[in-house]
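Observations on the model geometry
The chain contents come next:
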There are 2 protein chains.
Amino acid sequence: MNLEVLFAGTGGSAPTPGRGLPALLVRRGGEHVLVDCGEGTQRQLMRSFGLAEIDLVLLTHLHTDHWLGLPGLLKTLDLQDRTVPLTIVGPVGTTAALAAVQDLTGRVRYPLDVQDVEPGDIVERDGWRAEAIGVQHRTTALGWVLAEDDRPGRFDPEAARALGVGLEDPREFGLLQKGETVRGVRPEQVTSEKRFGRRIVVSGDTRPCDALRAAAWRCDLLVHEATFMDEQAERARKTGHSTTSEAAALAAEAEVGLLALVHLSARHRPTEALAEARRTFEHTELPRDFDVIDVPFPERGDPIFRPGAGRPRRAEDAAEDAASLPPAR
Amino acid sequence: MNLEVLFAGTGGSAPTPGRGLPALLVRRGGEHVLVDCGEGTQRQLMRSFGLAEIDLVLLTHLHTDHWLGLPGLLKTLDLQDRTVPLTIVGPVGTTAALAAVQDLTGRVRYPLDVQDVEPGDIVERDGWRAEAIGVQHRTTALGWVLAEDDRPGRFDPEAARALGVGLEDPREFGLLQKGETVRGVRPEQVTSEKRFGRRIVVSGDTRPCDALRAAAWRCDLLVHEATFMDEQAERARKTGHSTTSEAAALAAEAEVGLLALVHLSARHRPTEALAEARRTFEHTELPRDFDVIDVPFPERGDPIFRPGAGRPRRAEDAAEDAASLPPAR
């Protein structure tokens, strides 16, 4: 099953010409989960993977750059006559913030399920779950672990045959795989250890912290903020953010598969920030808006960085044709 | 003095891949006035004319597609350490809406002057003024007339010489231009009639209405909504919007210089909507985001439609360079 992350907005605090405000879209099979929703996210998504399939929004914290795109997104889904429920989960205060927004924008007609959660709380989904972890920012802030269920071990038909199973009736393989003992052979004799599900960890805005380091242990992909380069380490400390090398050090200690840095301040050059991080942890990327990272099952290879894979193909031009008439005068 | 309109967001209700939510930037000399501020406007402006010079925001009404970009814009100006005051003027309810937003986003450090106005109220500026007109939408809604002060008549030095002034002392011309009588010659004998200032009229969301028709009389540029094509005339009536032909008919009756249509529903093709409008009023454009209309003094010519003149020059690429490093693996 595909598992991929679209970097829908990679900027922080304020947008730039090239970077929208924070938003990640995690796509697993047909399920789309949005992590954070800065101003402009709905349009970034329209230009890329679309809006319709989103049924879960996870917020990391309630600083405006991380959620002010939500009212407009909710409204647009209503204009699209959405009927499917939408679940929004965030730190304490999320319910109140959404209520205040709805006072201004009016209510939507589809069911909204808004939940405040605490670190450790889990949102259960079909085949995976999102777990909130407590991180350290200037306000109550969460990181999110998106973890697939563990997969059963892999059945080894050769080993089964060597033990005399399935030689005449191949349906015996099915019985073993369902957990039954066949001809005295127990399933665990012909099945590998269970395999861990894939895990993506999103830091939100935070200082490097133990909770995050523990949660990120050997995850496939860590999306970590790096608001500042090391020269601004003191400022990072004061504002509750991380530097490039701090994020990279955490990724190295947690032995993550791939580190993706986001939320870089516009004061820094991405090339330099990325080079700085790679000196501490080589397997680092600094995605731009519309870049995609694929997270395959580990036995099929490492995460794949696909620059621009979610980028609109000149959508402006494709969608528009007014300029094909001559000017009025 | 230059007078131009940047179409920063030409969509309506919901953004599309190619069209942002409503925002017009009127630039006159060094002064920048923003009319409406849909979600994403700050980034549209960053990619074009910039944010710093804005010191007046005029809102047409408080439907969210017309103002939800304001909180983020205010916040970004604060992050940019703005100190210059910002004035925000809109219909009754504007002050309350801004206060509610500031409860969520926190206050900004520069002076904010927020005013609720009624139709007929005028915002006086240096050399021009903005006048609110009452239009007909589903909620309290304003159109805005941006009108330059009338200019004094043009002094005719040849006529003055023919009457014996300035033949020996050219400073006599200056005295006449200041309104003094010189050698028995009165200023009005050598000066043309006073000339009307340029006028730009913005409809906001509205049914075609008399107040707008009167306000738009012989204006240089009318920016009028055309949410629907004529086939949706009934729907336009029910939702308080205008069709292409209704907007064009109003422009024809008001004898405007140029009509620019905005707020077209994504259901319609811009080429077809524009063609439909031009059957009623030929001098019509349907700008895309980042198109510009220059409004010269009438004696220097008609308004000039400049497609894409405000468009970023591959700003994403210029501002970003992270992709120039090879991927981590």
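Please refer to the structure higher up on the page.
The rules behind the values
Residues numbered from 1 in each chain as written. Chains lettered and ligands numbered in written order. Predicted model: local features only at pLDDT ≥ 70, side-chain atom pairs only at ≥ 80, totals over all residues. Heavy atoms only, no water. Salt bridge = Lys/Arg side-chain N within 4 Å of Asp/Glu carboxyl O. Helix = DSSP H or I, 4+ residues; strand = E, 2+ residues; numbered from the N terminus. Contact = heavy atoms within 4.5 Å. Buried area = accessible area lost by both parts, 1.4 Å probe. Pairing = 2+ DSSP bridges. Axes fitted to C-alpha atoms, helices over the stretch in contact; angles between N-to-C directions. Phe/Tyr/Trp six-rings, centres within 6.5 Å; stacked < 30°, edge-to-face > 60°. Lys NZ or Arg CZ within 6 Å of the ring centre and 35° of its normal.

A word on the pattern of salt bridges
Counting across every chain of the model gives 52 salt bridges over all chains. With a closest N to O distance of 3.0 Å, B:Asp81 and B:Arg109 form a salt bridge. Of the two residues, B:Asp81 is situated in the loop between helix H2 (70-79) and strand S5 (86-91) and B:Arg109 in the loop between helix H3 (94-105) and strand S6 (112-117); the sequence distance between them amounts to 28 residues. One continuous salt-bridge network, built from bridges that share partners, spans A:Glu4, A:Arg27, A:Asp294 and A:Arg306.

Notes on the interface of chain A and chain B
Many descriptions give the size of an interface as the accessible area lost when the pieces come together. Listed by partner, the interface residues are 64 residues for chain A and 64 residues for chain B. Taken together, both faces of the contact between chain A and chain B bury some 5,100 Å²; the carbon and sulfur share is 56%. Counting across the chain A and chain B interface gives two salt bridges. Ionic pairing is found between A:Asp289 and B:Arg43, a salt bridge with its closest N-O pair at 3.7 Å.

Points about the sheet that holds strand S14 (residues 292-294) of chain B
All names here are of chain B. The strand order S6-S5-S4-S3-S2-S1-S14-S15 describes an open sheet built from eight strands, whose pairing is mixed. Two strands bound the open sheet, and with one partner strand each, they are S6 and strand S15 (304-306). Strand-to-strand, the axes of this sheet are offset by a mean angle of 20 degrees, without reference to chain direction. Two elements, S5 and S6, share six bridges in a ladder whose sense is parallel. Among the inter-strand pairings, Leu86 is bridged to a residue of S6, identified as Leu112. Where H2 meets the sheet, its contacts fall on strand S3 (31-35), strand S4 (54-58), S5 and S6, and the angle it forms with S5 comes to roughly 170 degrees. Here H3 sits on the sheet in contact with S5 and S6, set at roughly 140 degrees to S6.

Considering the packing of aromatic side chains
Remark: the centre distance and the inter-plane angle together describe each pair of aromatic rings, the angle taken between the planes. Scanning the model with the defined rule gives two aromatic pairs over all chains in all. Sitting above the plane of the A:Phe297 ring, A:Arg198 keeps its charged end 3.7 Å from the centroid. A cation sits over an aromatic face here: B:Arg27 above B:Phe49, 3.6 Å from the ring centre.

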